[in-house]
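Listed here are the chains, written in short residue letters.
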Amino acid sequence: MSGPTGRDEATTPGGGATTPGGGAAGPGGAIYDIGYRGYEGPRLRRPQAVRTLVAHTVRGAYGIGRGGRSKVVPFGLLVLLLIPAIVSLGLSGLVGPAGQRFDPIRYESYYSVTQTILFLFIAAQAPELVGPDQRNRVLPLYFSRPILRSDYAFAKLLALFVALLLFTLAPQALLFTGRVLQASDISTGLSANLPDVLPILASAIAISALFAALGLTISAFTPRRAYATAVIIGVFIASNAIGGILYAVLRGEARRWVALLSIDTILTGLTSFLFSTPTADIPSPIVKRADLPGLVYIVATLVVVLAMVGLLFRRYHTVEA
Amino acid sequence: MPLIETHELTKRYPGVTALDALSVAIEPGIVGLVGANGAGKSTLLKILLGLLEPTGGSAEVLGMDTRHEGTRIRAAVGYMPEHDCLPPDLTATDFVTHMGRMSGLPAAASRERTADVLRHVGLYEERYRQIGTYSTGMKQRVKLAQALAHDPRVLFLDEPTNGLDPAGREEMLELVRRTGTEFGITVIVSSHLLGEIERVCDFLVAIDAGHLLRAAPLASFTELTNVLSVEVEEGSDELVAALVAGGFTAHVDGHLVLVAVDASGSAGAAPYDAVRDAVAEMGLGLIRIEQRRHSLEDLFRDAVELPAGTAA
């Protein structure tokens, strides 16, 4: 993919006076040509540009490479996110691993405990990834690069997904490491905790994909950060409120499907399914009562993600450059 | 094959026709794209980059079709937009390096070229500062640098002197000139200021309201016209009367008398002789007699100054 492609013609359009490397070493030292130098090296293709944009954007999501103030929100939220894991590990350190049975902080419950923090991360950072490019009109510079508009949209989405995945996995990774180290010996710890790794990964991927698609698509429609943040929070709260109201109003079979109306219940249903949580332990009464098959939540997540991605690509196909 | 070629290129927006069946061929060099604001200059550049889809017609850049080979064209072209387009919270070095990589350069090569092009555009220590702290002139330089980052074969500069003070304009024009002549990169530079653009270009494309007015080497824009301009101290009207009586086409324009000369020049010195004789006969004070040159402004001057058949 990234092989040297070079230029079609043999000569630099720059012509004579300049040579790549720009210097000639003579016996008395080096003479450097500080005139314009052409570039004769490899020119990489679209996948490389997408990788560059993903890396640039993931760094941007955490404020890396930007001013110090840009790091406050993401790292502040990350600390908040880690606190339950740290407290849990501290307690089981004091009480001993037996206390874990009564600990509300478990792999499968981490999402329901910390979902607000995840959500704040999206509401705060998703607009930062795409808004400034429109606000500062950098978008035409991206679109005048050898990429497609869809490459830009895809790279931004992938970047937010990766940033969110790191964010979601960080406390789980901490919890996992702590649990394994706190066990009487490592192999006991691993055998007790390894079965949870797959559900941890699967639920983190689902949560990150849903939140990233939702947050980025909403953000892509406005250059204004405040609007995007407000709409993201609005969608989350409104969908929960509508779900809650309908749950209170409806009776019978229809009431079960209310679980698919809010982002929160979809993700709670999905994580509960992935971790095989007993119905009695499901943190949401709506999801508990619905008792829908896990596949339904997987399909619901996919539908929301695909719909959002479709909207996102449409937006960048038509946005003015 | 020309570097850039358009055929009947048309771009319509609801209620506005930005480009109207524009056909033009552009050869390598420094090319001025000149026209009033709203004449369609930016639209043309965006279509050539494949950023905008034309409503009709076609365009090729470096032999590649803008509709289907946009990414290949953009790999070989650098673009400096008219408007602000820089993120305030990155340093010039970080931003230009990033843009170089987006254009396909490997990371190390992009860093190296960024240092080169930033030095070329005249940014030194300030390149490690956030762009938000820059003056307009420095921002224009960063915009030019990001367009040069990947060593393009063609540069599209859209109103590069916009917003600059007179000294800044001079420096930017000098940069454009050097980029075109020393680097051998073909530069298409748009401007609504004729006086500015004629100083750096060797080819001029003039468009007005989406139409091509003229595309020709700069020199031909200022070549001799078929008009003899005569200035006398007084008695312009009498001179015209005498010339018309002698079979010449002449009229008064302000304090000048304009006399048509044969387009082919085969009439030779006849009009000169007639003016000389008439002036001597009437005893007028002759101040000046010269064949008029086109001025660039003539392109955009709708009013026809001379009776039909005498204009160049």
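Thresholds, definitions, all that
- Residues numbered from 1 in each chain as written.
- Chains lettered and ligands numbered in written order.
- Predicted model: local features only at pLDDT ≥ 70, side-chain atom pairs only at ≥ 80, totals over all residues.
- Helix = DSSP H or I, 4+ residues; strand = E, 2+ residues; numbered from the N terminus.
- Rg over C-alpha atoms; globule rule 2.2 N^0.38 Å.
- Contact = placed C-beta atoms within 7 Å.
- Buried ≥ 20, exposed ≤ 12 C-beta atoms within 10 Å, placed from the backbone.
- Pairing = 2+ DSSP bridges.
- Arc of directions from axis to C-beta.
- Core = buried A, V, L, I, M, F, W, Y, C linked by C-beta atoms within 7 Å.
- Axes fitted to C-alpha atoms, helices over the stretch in contact; angles between N-to-C directions.
- Parallel < 35°, antiparallel > 145°, perpendicular 65-115°, else oblique.
- Left-handed = near helix turned anticlockwise from the far one by under 90°.

A. Molecular detail of the overall build of chain B. Helix and strand content of chain B: 10 helices and 14 strands. The globule rule puts the C-alpha radius of gyration for 312 residues at 20 Å, and the 25 Å found for chain B is more than 25% above it. Principal-axis analysis of the C-alpha atoms gives chain B an extent of 80 × 45 × 35 Å. For chain B, restricting intrachain contacts to residue pairs at least 6 apart in sequence, the fraction spanning at least 24 positions comes to 69%.

B. Representation of the pairing of strand β13 (residues 256-260) of chain B. Residues and elements named next belong to chain B. Within β13, 4 of the 5 residues are buried, which leaves the element mostly enclosed by the surrounding structure. Across 4 bridges, strand β12 (residues 250-253) lies against β13 in antiparallel orientation. What sits directly across from A250, in β13, is V259. Linkage of β12 to β13, two consecutive antiparallel strands, is achieved through a turn of 2 residues, within which G254 is found at a positive phi near 65°.

C. Representation of helix α9 (residues 236-245) of chain B. All names here are of chain B. The complete set of buried residues in α9 reads S236, L239, V240, A242 and L243. Viewed along the axis of α9, the buried residues span an arc of 165°, placing them on a single side of the element. Exposed residues pointing more than 90 degrees away from the buried face of α9 are listed as D237 and A245. Remark: G247 follows α9 within two positions and exhibits a positive phi of approximately 95°.

D. Up close: the interface of chain A and chain B. Across the boundary between the two partners, chain A contributes 37 residues, which contact 34 residues of chain B. The set of elements that each furnish at least two residues to the side of chain A that touches chain B consists of α1 (46-61) and α4 (139-143) of chain A. For the side of chain A that touches chain B, the leading source of residues is α1 of chain A, giving 6 residues.

E. Main features of the pairing of strand β6 (residues 77-80) of chain B. Residue and element names in this part refer to chain B. Burial along β6 is two-sided: the face carrying V77 and Y79 and the face carrying G78 and M80 are both buried. Alignment of β6 against strand β7 (residues 154-158), held across 4 bridges, turns out to be parallel. Residue pairing across strands places V77 opposite V154, the latter belonging to β7.

F. Broad picture of the nonpolar core. Formed by 145 residues in total, the largest nonpolar core has its most connected members in L160, L210 and L216 of chain A together with F156 of chain B. If you tally residues by element for this core, the top one is helix α7 (residues 197-220) of chain A, at 13 residues. Residue contacts for L160 of chain A: discarding those within four places in its chain leaves A61, A126, L129, A212, G215 and L216 of chain A.

G. Inspection of the packing of helix α10 (residues 263-274) of chain A against helix α12 (residues 294-318) of chain A at higher detail. Residues and elements named next belong to chain A. Their axes nearest at 9 Å, the elements α10 and α12 cross at an angle of 130°. Taken together, the axis directions place α10 and α12 in an arrangement best described as oblique. Considering the relative orientation of α10 and α12, their crossing is left-handed. Between α10, through I266, G269, L270 and F273, and α12, the contact on the second element is made entirely by G294, Y297, I298, A300 and T301.

H. Looking closely at the sheet that holds strand β5 (residues 64-65) of chain B. All names here are of chain B. Reading across from one edge, β2-β1-β4-β5 is the order of the 4 strands in this open sheet, with antiparallel pairing throughout. With partners counted over all chains shown, the strands left at the sheet margins are β2 (16-26) and β5, one partner each. With 2 bridges connecting them, strand β4 (residues 56-61) and β5 associate as antiparallel partners. Paired with V61 across the strands is M64, a residue of β5.

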